[in-house]
Amino acid sequence: MKNASERTASSTSAPNPHLLDPDTLFAAHEEGYVKALKPRHVQMIAIGGAIGTGLFLGAGARLQLAGPALALVYLACGVFAFLIMRALGELVMHRPTSGSFVSYAREFMGERGSFVAGWMYYLNWAMTGIVDITAVAIYMKYWAVFSDVPQWTLALGALVVVSIVNMIGVKVFGELEFWFSLIKVGAIAAFLVVGTYFLASGHAVAGHLPGFHLISENGGILPHGVVPALLIVQGVVFAYASIELVGVAAGETADARKVMPKAINSVMWRIALFYVGSVVLFTTLLPWTAYSASESPFVTFFGKLGVPYMGTVMNIVVLTAALSSLNSGLYSTGRTLRAMAMGGSAPKFVSRMNASGVPYGGILITVAIDAIGVPLNYVVPTQAFEIVLNMASLGIIATWGFIEICQMLFRRKVNRGELREVPFRMPGAPFTSWLTLAFLFSVLVLMAFDYPSGTYTIATIPLVVLALAVGGRLAKRRTDRAQASVIAGHMMVDRADNA
């Protein structure tokens with residue numbers, strides 16, 4: 001219990017965020033959430049985050065650009081994706097929170113760091129959502145029953161349905177993401193089993209005997225040289241976007257410190273099996289030249305086998321992947337915006353929650369921005385969507401960079417004895433932390449050489465920096481009020497306890 005002089009000093013001093021310990025501050029930010037996600041939900045969210053349309057559709061185009069070297073690029077980027085996940089895992093073990101890296105940036109870098117981290121992550125999902133609803137509409141028009149339905153209607157319908165699902169509650173989101181991920185994993189598993197059988201048995205595929213000789217006979221691992229393999233790194237990085245979603249889910253997961261390490265550690269072998277394994281099979285079952293940018297390599301392979309309805313099956317899979325991405329985007333941005341609003345880095349409206357513990361304010365803002373994608377289908381060329389995707393890549397690179405920096409700052413405080421050690425540490429840190437940051441910077445450099453979309457995206461970085469600087473200055477007063485509100489509430493509780 002405080003003495004009279006201490007209570008007087010506390011009540012008369014100006015609000016200072018450092019008067020509160022981080023545990024008290026972030027506990028206030030987590031109020032209202034329901035820990036309804038189960039281990040199976042988290043496992044599938046981790047899997048779903050590592051598998052997107054980049055594998056189902058993008059692999060064909062990347063095989064055309066880089067040939068069999070795509071497997072090495074997937075592996076190299078996968079190693080860094082795993083290190084980013086381990087850095088995030090160390091932070092989650094320190095403090096599971098729905099604000100994830102936004103909250104970690106606030107704790108270790110201050111409100112300015114939280115502001116930049118949050119809005120760059122939001123940039124990623126806002127841009128991705130615009131592409132997702134367009135992709136859903138295109139995939140649905142594959143079936144004749146939807147062929148005469150206006151594309152904007154299908155895009156809007158998908159957005160409305162997924163938005164309603166997110167508003168119901170986190171458990172419904174978890175169930176939907178569980179089944180979305182299960183469909184994606186099932187499709188890849190089926191290919192891996194069938195492909196491995198043909199490779200092991202030596203049965204010909206479309207007149208080609210399977211084996212590694214198909215690589216050496218068609219230009220080797222680098223048929224177009226090193227440069228094309230390097231230039232696809234940016235696209236591969238975007239294919240891994242969403243792996244960080246498991247950190248956001250930690251705040252609504254029962255017994256997160258027990259569940260998260262297992263989910264995070266499984267990411268590496270999933271990447272190796274699904275991405276690297278698939279590409280190796282693609283290039284040893286058929287010449288890499290047999291694949292096309294206009295067709296999923298999975299469809300190409302099963303089509304050569306004469307499997308009926310393969311186009312329909314794969315259309316269902318890629319439709320599922322797009323819906324999963326849209327679902328995840330609404331979920332994560334709702335939590336991220338609320339975490340930002342609790343510190344004053346976003347408008348107060350986005351901090352509102354419904355009776356089910358869903359931050360509906362942030363979700364509605366994201367829905368409004370994603371809806372911009374509906375008219376974009378008709379008024380901009382395809383190249384504009386390439387630029388949108390590159391902007392999303394810029395957001396995810398920044399987010400991963402913030403995760404690494406926060407892990408390094410956390411480790412520094414642990415070494416000084418200011419914070420407690422956690423059992424789940426990033427391997428090889430701090431060397432691997434610096435190495436990962438160097439890798440992310442190199443991706444930005446490579447993006448500049450990806451003309452025209454990547455070059456244009458890099459050119460917008462000064463505009464993004466300017467927008468963040470202006471926005472940060474405008475948000476400063478709101479930040480001070482938000483922190484003062486939390487402190488005032490804590491002081492009232494403290495006075496009641498002392499009374």
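Just above, that's the structure.
These numbers were taken from a predicted model, which means no experiment stands behind them. Going along each chain's sequence as written, the residues are numbered from 1 onward. With the structure being a predicted model, the display of local features is reserved for residues of pLDDT at least 70 and the display and counting of side-chain atom pairs for 80 or more, all residues being used for whole-chain, interface and lining totals. Side-chain metrics in this entry use all non-hydrogen atoms of the structure; hydrogen atoms and water are not considered.

**Here's the deal with the packing of helix 3 (residues 39-50) against helix 14 (residues 256-285)**
Close contact between helix 3 and helix 14 brings their axes to 9 Å; oriented N to C, the two are set at 35°. The way helix 3 lies across helix 14 gives a crossing that is right-handed. Seen from helix 3, the contacting residues are Pro39, Val42, Gln43, Ala46, Ile47 and Ala50; seen from helix 14, they are Val259, Met260, Lys262, Ala263, Ser266, Arg270, Phe274 and Tyr275. Here the axes come from fitting lines to C-alpha atoms, over the contacting stretch only for helices, and the angles between their N-to-C directions go from 0 to 180 degrees. Starting at the N terminus, helices and strands are each numbered in turn, a helix being any DSSP run of H or I of at least four residues and a strand any DSSP run of E of at least two. Handedness of a crossing follows from how the near helix is turned relative to the far one, being left-handed for an anticlockwise turn of less than a right angle and right-handed for a clockwise one. Residue contacts are defined here by distance: any two heavy atoms, one from each residue, within 4.5 Å place the two residues in contact.

**Overview of unusual backbone geometry**
Here Ala429 and Pro430 are connected by a cis peptide whose omega angle stands at 10°. Along the chain, the position of Pro430 falls in the loop between helix 19 (382-415) and helix 20 (431-448). Non-glycine residue Ala206 carries a positive phi angle of around 55°. Its place among the elements puts Ala206 in the loop between helix 9 (170-201) and helix 10 (213-216). Exposed residues in this analysis have more than 50% of their type's maximum accessible area, buried residues have under 20%, and partly exposed residues fall in between, with area computed by a 1.4 Å probe over protein chains only. A residue is classified by how much of its surface remains accessible, and Ala206, at 45% relative accessible area, is partly exposed. Positive phi outside glycine occurs at Ser242, with the angle close to 105°. Within the secondary structure, Ser242 sits in the loop between helix 12 (233-239) and helix 13 (245-249). The class for Ser242 is buried, based on a relative accessible area of 13%.

**Comments concerning the pattern of salt bridges**
Salt bridge criterion: a side-chain nitrogen from Lys or Arg within 4 Å of a carboxyl oxygen from Asp or Glu. Enumeration according to the criterion identifies seven salt bridges in this entry. One salt bridge in this structure joins Glu175 and Arg40, with 2.3 Å as the shortest N-O distance. On the criterion of sequence distance, the pair formed by Glu175 in helix 9 and Arg40 in helix 3 is long-range, its members being 135 residues apart. A relative accessible area of 22% places Glu175 in the partly exposed class. Several salt bridges converge on common partners, so that one network encompasses Glu90, Arg411, Glu421 and Arg425.

**Points about the packing of helix 8 (residues 151-168) against helix 17 (residues 360-370)**
The geometry of a pair of packed helices is captured by two quantities: the angle between their axes and the separation between those axes. Their axes nearest at 11 Å, the elements helix 8 and helix 17 cross at an angle of 170°. Regarding the angle of helix 8 to helix 17, the classification is roughly antiparallel. Of helix 17, the residues touching helix 8 (which contributes Leu159, Ser163, Asn166 and Met167) are Tyr360, Ile363, Leu364, Val367 and Asp370. Classification used: nonpolar for Ala, Val, Leu, Ile, Met, Phe, Trp, Tyr, Cys and Pro, charged for Asp, Glu, Lys and Arg, polar for all others including Gly. Partitioned by chemical class, the residues of the contact of helix 8 with helix 17 number six nonpolar, two polar and one charged. Each angle gets one of four labels, with under 35 degrees taken as roughly parallel, over 145 as roughly antiparallel, 65 to 115 as roughly perpendicular, and the rest as oblique.

**Some details on a nonpolar patch on the surface**
A surface patch of nonpolar side chains, amounting to about 500 Å² of accessible area, comprises Trp152, Leu156, Val160, Ile164, Ile168 and Val172. In terms of residue count, the dominant contributor to the nonpolar patch is helix 8 (five residues). Its place among the elements puts Val160 in helix 8. By relative accessible area, Val160 is classed as partly exposed at 41%. Each patch groups residues whose relative accessible area exceeds 30% and which form no salt bridge, using 9 Å between like charges and 5 Å between nonpolar side chains of Val, Leu, Ile, Met, Phe, Trp and Tyr. Exposure was quantified through the Shrake-Rupley algorithm and a 1.4 Å probe, taking into account, for residues, occlusion by the shown protein chains and nothing else.

**A few points about the packing of aromatic side chains**
Aromatic rings from Phe, Tyr and Trp, with only the six-membered ring used for Trp, were paired whenever their centres fell within 6.5 Å, and each pair was classed as stacked if the ring planes differed by under 30 degrees, edge-to-face if by over 60, and tilted otherwise. Overall, the coordinates contain 23 aromatic pairs when judged by the stated rule. Aromatic side chains Phe349 and Tyr360 sit 6.4 Å apart centroid to centroid with 90° between the ring planes, which places their arrangement in the edge-to-face category. In this pair, Phe349 sits in the loop between helix 16 (310-342) and helix 17 while Tyr360 sits in helix 17, placing the two residues eleven residues apart along the sequence. Judged by relative accessible area, which is 30%, Phe349 ranks as partly exposed.

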